[in-house]
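# Remarks on the overall topology
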Amino acid sequence: MTGPKKRVAVLISGRGSNMTALIEAAQAKDYPAEIVLVVSNQPDAAGLARAREAAIATAVVDHRPFGKDREAFERALDDELRKHGIEIVCLAGFMRLLTSWFIGRWRGRILNIHPALLPEFKGLDTHRRALEAGVKRHGATVHFVVEETDAGPIVSQQSVPVLQGDTEATLAARVLEIEHRIYPEALRLVAEGRVRFAAAQPEIKNPRG
Ligand code: GRF
């Protein structure tokens, strides 16, 4: 590893198992990032206690007092991130849609994990929808966050088989194992600068017309 470790915040709303996977991976000496802050928009998120147990600074930025003013909520969130000198933000089960203001400020430096093989099954209830669609393979994706939900450039993706008799719960558990593996790998790639966000390139016209 060259250079100082990148300072990372993990944003959560719930149990925080991906957050825990990132914290555990970042404990390795040669890991290029350190998790210095966990922020939740839900004061009672179970992940907060797990972060505190790991001696990581936590903050709650409750979205409710801000009502419909999403940008005001995000300004408070952004203040927390800046206060801690954060360089990369990892969304891990963070259940708020972000505005273009926030995404613009952090462009190329926000990652998200989505429980499906993007671009398949964007949005919620991915496991139920995968079962209904009868797909043979399902999985998880880590991607850069852009304005369009679940549509940013993919950093890492891995698939699992969908097995006969799978329920949402069994499929979710199989995918979650993958999530815990690919999120730390993807963060490593981004923290080391081996994968970088690039804005979409203009279409190259076929020179032969
Ligand atoms: C994960 O399935 C993740 O892919 C999705 O939300 C869930 C969060 O789980 N975005 P956890 O809080 O990390 O356990």
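So, here is what we can say about the structure in this document. Here the structure is a predicted model, which means the values were calculated and not measured.

So, on to the sheet that holds strand 2 (residues 33-40). Pairing is mixed in the open sheet, where seven strands are placed in the order 3-2-1-4-5-6-7. Strands at the two margins of the open sheet, each flanked by one partner only, are strand 3 (57-60) and strand 7 (154-161). Ignoring strand direction, the axes of neighbouring strands in this sheet form an average angle of 20 degrees. By the bridge criterion, four bridges tie strand 5 (residues 110-114) to strand 6 (residues 137-144) in an arrangement that is antiparallel. Bridged to N112 within strand 6 is H143. Against the sheet, helix 1 (residues 17-26) makes contact with strand 1 (6-12), strand 2, strand 4 (88-91) and strand 5, and its axis sits at roughly 155 degrees relative to strand 2, the strand it touches most. Lying on the sheet, helix 6 (residues 168-191) is in contact with strand 1, strand 2, strand 4, strand 5, strand 6 and strand 7; it crosses strand 7 at an angle near 155 degrees.

Inspection of the region around the ligand gives R15, G16, S17, N18, G93, I113, H114, P115 and E179 as its neighbouring residues. Here an oxygen atom of the ligand and a backbone polar atom of G16 are 2.9 Å apart. Note that an oxygen atom of the ligand is positioned 2.7 Å from one of the side-chain N or O atoms of E179. Alone, the ligand offers 370 Å² of accessible surface; in the complex the protein occludes 85% of this. Where the shell around the ligand is concerned, the elements lending two or more residues are helix 1 and strand 5.

Our focus in this paragraph is the packing of aromatic side chains. Counted under the stated rule, the structure contains three aromatic pairs. Pairing F144 with F197 gives two aromatic rings, centres 5.5 Å apart and planes at 80 degrees, and the pair type is edge-to-face. Of this pair, F144 sits in strand 6 while F197 sits in the segment after helix 6, and the two are 53 residues apart along the sequence.

To continue, consider the pairing of strand 2. With respect to burial, strand 2 is a largely interior element, seven of its eight residues being buried. Relative to strand 3, strand 2 runs parallel, the two sharing four bridges. Paired with V39 across the strands is A59, a residue of strand 3. Note on the crossover from strand 2 through helix 2 (residues 46-53) to strand 3: the handedness is right-handed.

Okay, helix 3 (residues 70-83) next. Taking 1.5 Å of rise per residue, the 14 residues of helix 3 would be expected to cover 20 Å, and the 20 Å separating its terminal C-alpha atoms lies within 8% of that figure. Every buried residue of helix 3 is listed here: A72, F73, E74, L77, D78, E80 and L81. For helix 3, the secondary structure elements touched by its buried residues are strand 1, strand 2, strand 3, strand 4 and helix 4 (100-105). G85 sits one or two residues past helix 3 and shows a positive phi near 60 degrees.

Conventions used here
- Residues numbered from 1 in each chain as written.
- Predicted model: local features only at pLDDT ≥ 70, side-chain atom pairs only at ≥ 80, totals over all residues.
- Heavy atoms only, no water.
- Pairing = 2+ DSSP bridges.
- Helix = DSSP H or I, 4+ residues; strand = E, 2+ residues; numbered from the N terminus.
- Axes fitted to C-alpha atoms, helices over the stretch in contact; angles between N-to-C directions.
- Contact = heavy atoms within 4.5 Å.
- Near = heavy atom within 4 Å.
- Polar contact = N/O pair within 3.5 Å; in protein donor to acceptor, adjacent residues only side chain to side chain.
- Areas by Shrake-Rupley, 256 points an atom, 1.4 Å probe, with all protein chains shown as cover.
- Phe/Tyr/Trp six-rings, centres within 6.5 Å; stacked < 30°, edge-to-face > 60°.
- Buried < 20%, exposed > 50% of the residue type's maximum accessible area, 1.4 Å probe, protein only.
- Right-handed = clockwise from strand over helix to strand, strands pointing away.
- Expected span 1.5 Å × (residues − 1).

Everything listed here is a matter of coordinates, which is why it stays silent on function.
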